[in-house]
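Residue-level listing of the chains:
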Amino acid sequence: MRDNQYDVAIVGAGIAGLAIAYTAAKKGLKVGVFERNTRATGASVRNFGLVWPIGQPAGPLLDRAMRSREVWLELAKEAGIWLRQNGSLQLAYHDDEWSVIQDFYREAGQAGYQTKLLTPNEVAAYSPAVRTEGLKGALWSSTECTVTSRQAIPQIAQYLSEQLKVEFHYGAAVTCVEPKTLSDFYDLWHAERIFVCSGAEFETLYPRIFRESGITKCNLQMLRTQSQPDDWNLGASLCAGLTLLHYQSYAHLPGLEAVRERYNQENPDFAKYGVHVLVSQNAYGEVILGDSHEYGWDVSPFDREEINKLILDYLHGFARFPNEIIAESWHGVYPKLPGKTEFVMEVDPGVWILNGLSGAGMTLSFGLAQELF
């Protein structure tokens with residue numbers, strides 16, 4: 001039977017909110033989750049489904065990502081979530097890219113990454129999709145995992161509800177939060193601790209705090225193919241040279257500037273639209289492709305075909321699939337705080353905003369939640 005009293009209340013049923021709910025419920029706390037929609041529909045279900053430690057810089061963030069990975073493995077087993085420990089390949093087709101990868105590898109082991117260098121002839125054993133023509137080599141990382149986001153997020157919620165007795169209030173658009181109370185205008189609930197995990201929906205709760213924080217929104221475009229035939233398996237998730245420019249794990253390497261300058265000369269639209277290309281495969285055999293990064297509060301509801309073409313043209317330089325027919329495309333919006341990896345603030349006694357995981361919510365949320373309890 002439901003009541004209106006909780007130890008922990010969470011606004012938002014995306015991955016950040018679910019991570020807080022899981023962590024709190026595991027500690028025996030009574031938890032309520034309040035979601036304005038009938039199900040999670042934001043960035044948490046509009047992504048690659050990648051748990052991607054290799055993208056996090058060495059130190060606390062890599063440690064957080066690896067703790068999150070441990071929770072994903074545990075939760076997948078407990079909740080029956082499809083999860084593939086398939087690792088990743090960072091491919092290099094130019095000497096400057098290969099030089100950056102080699103520099104990264106030299107310090108990777110001591111930093112806590114689990115990687116090895118592959119020759120072009122060795123790459124095929126890790127993924128049949130890779131184009132080996134012109135390939136200089138690849139960095140294999142064993143830590144990356146893949147889930148099917150649209151399936152995994154509701155499965156986590158179901159597991160929390162049925163096994164850990166977390167109470168979900170869908171269709172409850174919380175409009176007011178004060179210390180120990182929250183309301184959707186019609187009903188009032190009480191909680192000792194409240195976490196606002198509302199993703200890119202800044203306009204309802206604490207809009208002034210968000211604007212003053214410097215946080216912005218990132219609009220990204222993605223695509224997926226039809227299911228691949230005959231149980232074809234992508235193997236490792238894939239990325240190529242543009243990805244070196246995207247993740248902070250590589251940002252300190254001096255050779256990166258030469259890579260950036262070359263891509264800017266070859267096609268300045270890569271930087272204009274923030275394009276880098278990742279490839280994953282979900283439980284249905286569909287290949288997920290993307291993405292782009294356009295920043296600002298005024299996010300366009302209209303997708304750009306030129307961005308999809310940029311993604312696909314670059315993809316064809318390093319990967320091929322048996323079935324390349326695009327079945328669906330979409331855009332997602334996530335919050336980004338420039339120069340930081342998360343926005344965590346106690347705005348009132350016992351009321352916390354948890355947001356701005358910069359597109360790494362699937363990778364970091366469970367580890368961050370552990371740090372808050």
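Residues numbered from 1 in each chain as written. Predicted model: local features only at pLDDT ≥ 70, side-chain atom pairs only at ≥ 80, totals over all residues. Heavy atoms only, no water.

A. Looking closely at helix α11 (residues 361-371). The element α11 is extensively covered by neighbouring structure, given that nine of its eleven residues are classed as buried. Where α11 is concerned, the buried positions are Gly361, Met362, Thr363, Leu364, Ser365, Phe366, Gly367, Leu368 and Ala369. (Buried < 20%, exposed > 50% of the residue type's maximum accessible area, 1.4 Å probe, protein only. Helix = DSSP H or I, 4+ residues; strand = E, 2+ residues; numbered from the N terminus.)

B. View of the packing of aromatic side chains. On inspection of all chains with the given rule, the structure shows 19 aromatic pairs. With centroids separated by 5.7 Å and ring planes inclined at 10°, the aromatic side chains of Phe168 and Tyr170 adopt a geometry described as stacked. With relative accessibility at 36%, the residue Tyr170 sits in the partly exposed group. Note on Tyr263 and Tyr314: the rings are 6.1 Å apart at their centroids and 65° apart in plane angle, and the pair reads as edge-to-face. Of this pair, Tyr263 sits in helix α8 (residues 256-266) while Tyr314 sits in helix α10 (residues 305-315), and the two are 51 residues apart along the sequence. Taking the relative accessible area as the measure of exposure, Tyr263 reaches 3% and is therefore buried. (Phe/Tyr/Trp six-rings, centres within 6.5 Å; stacked < 30°, edge-to-face > 60°.)

C. Here's a closer look at the side chain of Gln221. Residue placement: Gln221 occurs in strand β13 (residues 216-227). Residue classification places Gln221 among the buried positions, given a relative accessible area of 0%. Only 2.7 Å separates the side chain of Gln221 from the backbone nitrogen of Arg304, close enough to count as a polar contact. Setting aside its immediate chain neighbours within four residues, Gln221 contacts Gly290, Asp291, Ser292, Asp303, Arg304, Ile307, Asn308, Ile311, Trp330 and His331. (Polar contact = N/O pair within 3.5 Å; in protein donor to acceptor, adjacent residues only side chain to side chain. Contact = heavy atoms within 4.5 Å.)

D. Seen up close, the nonpolar core. Core analysis: the largest hydrophobic core is formed by 62 residues, its most contacted members being Leu89, Leu91, Leu238, Val279, Leu315, Phe318 and Phe321. Sort the elements by how many residues they give to this core and α10 lands first, with six residues. When neighbours within four sequence positions are excluded, Phe321 is seen to be in contact with Ala129, Gln228, Trp232, Leu234, Val279, Val287, Leu289 and Leu315. Of all hydrophobic cores here, the second largest spans 46 residues; its members include Val51, Cys145, Leu164 and Cys197. (Core = buried A, V, L, I, M, F, W, Y, C linked by side-chain atoms within 4.5 Å.)

E. Unusual backbone geometry, seen in detail. For the peptide bond that leads from Gly290 to Asp291, omega is 10°, which places it in the cis range. Mapping Asp291 onto the fold places it in the loop between β16 (286-290) and β17 (294-295). A positive phi angle, close to 55°, is found at Asp230, a residue other than glycine.

F. View of the pairing of strand β7 (residues 137-141). Counting buried positions along β7 yields five of five residues, so the element is predominantly enclosed. Sheet topology note: the strand β5 (residues 88-92)/β7 ladder contains five bridges and is antiparallel. Counterpart to Leu91 in the pairing with β7 is Ala138. With four bridges joining them, strand β6 (residues 115-118) and β7 adopt antiparallel strand pairing. Opposite Leu117, over in β7, you have Leu139 as the bridge partner. (Pairing = 2+ DSSP bridges.)

G. Structural view of the packing of helix α3 (residues 95-111) against α8. The interhelical angle for the contact between α3 and α8, taken along N-to-C directions, is 150°, at an axis separation of 9 Å. Classed by the angle they form, the pair α3 and α8 counts as roughly antiparallel. Between α3 and α8 the crossing geometry is left-handed. On the side of α3, the interface is formed by Asp96, Glu97 and Val100, while α8 contributes Leu256, Ala258, Val259, Arg262 and Tyr263. Across the contact of α3 with α8, the residue classes break down as five nonpolar, no polar and three charged. (Axes fitted to C-alpha atoms, helices over the stretch in contact; angles between N-to-C directions. Parallel < 35°, antiparallel > 145°, perpendicular 65-115°, else oblique. Left-handed = near helix turned anticlockwise from the far one by under 90°. Nonpolar A, V, L, I, M, F, W, Y, C, P; charged D, E, K, R; others polar.)

H. Region of interest: the pattern of salt bridges. Applying the stated criterion across every chain, the model contains 22 salt bridges. Residue Glu306 pairs with Arg304 through a salt bridge whose shortest N-O separation is 3.7 Å. Judged by its relative accessible area of 37%, Arg304 falls in the partly exposed class. (Salt bridge = Lys/Arg side-chain N within 4 Å of Asp/Glu carboxyl O.)

In short, the description is geometric, and any link to function would need to be established separately.
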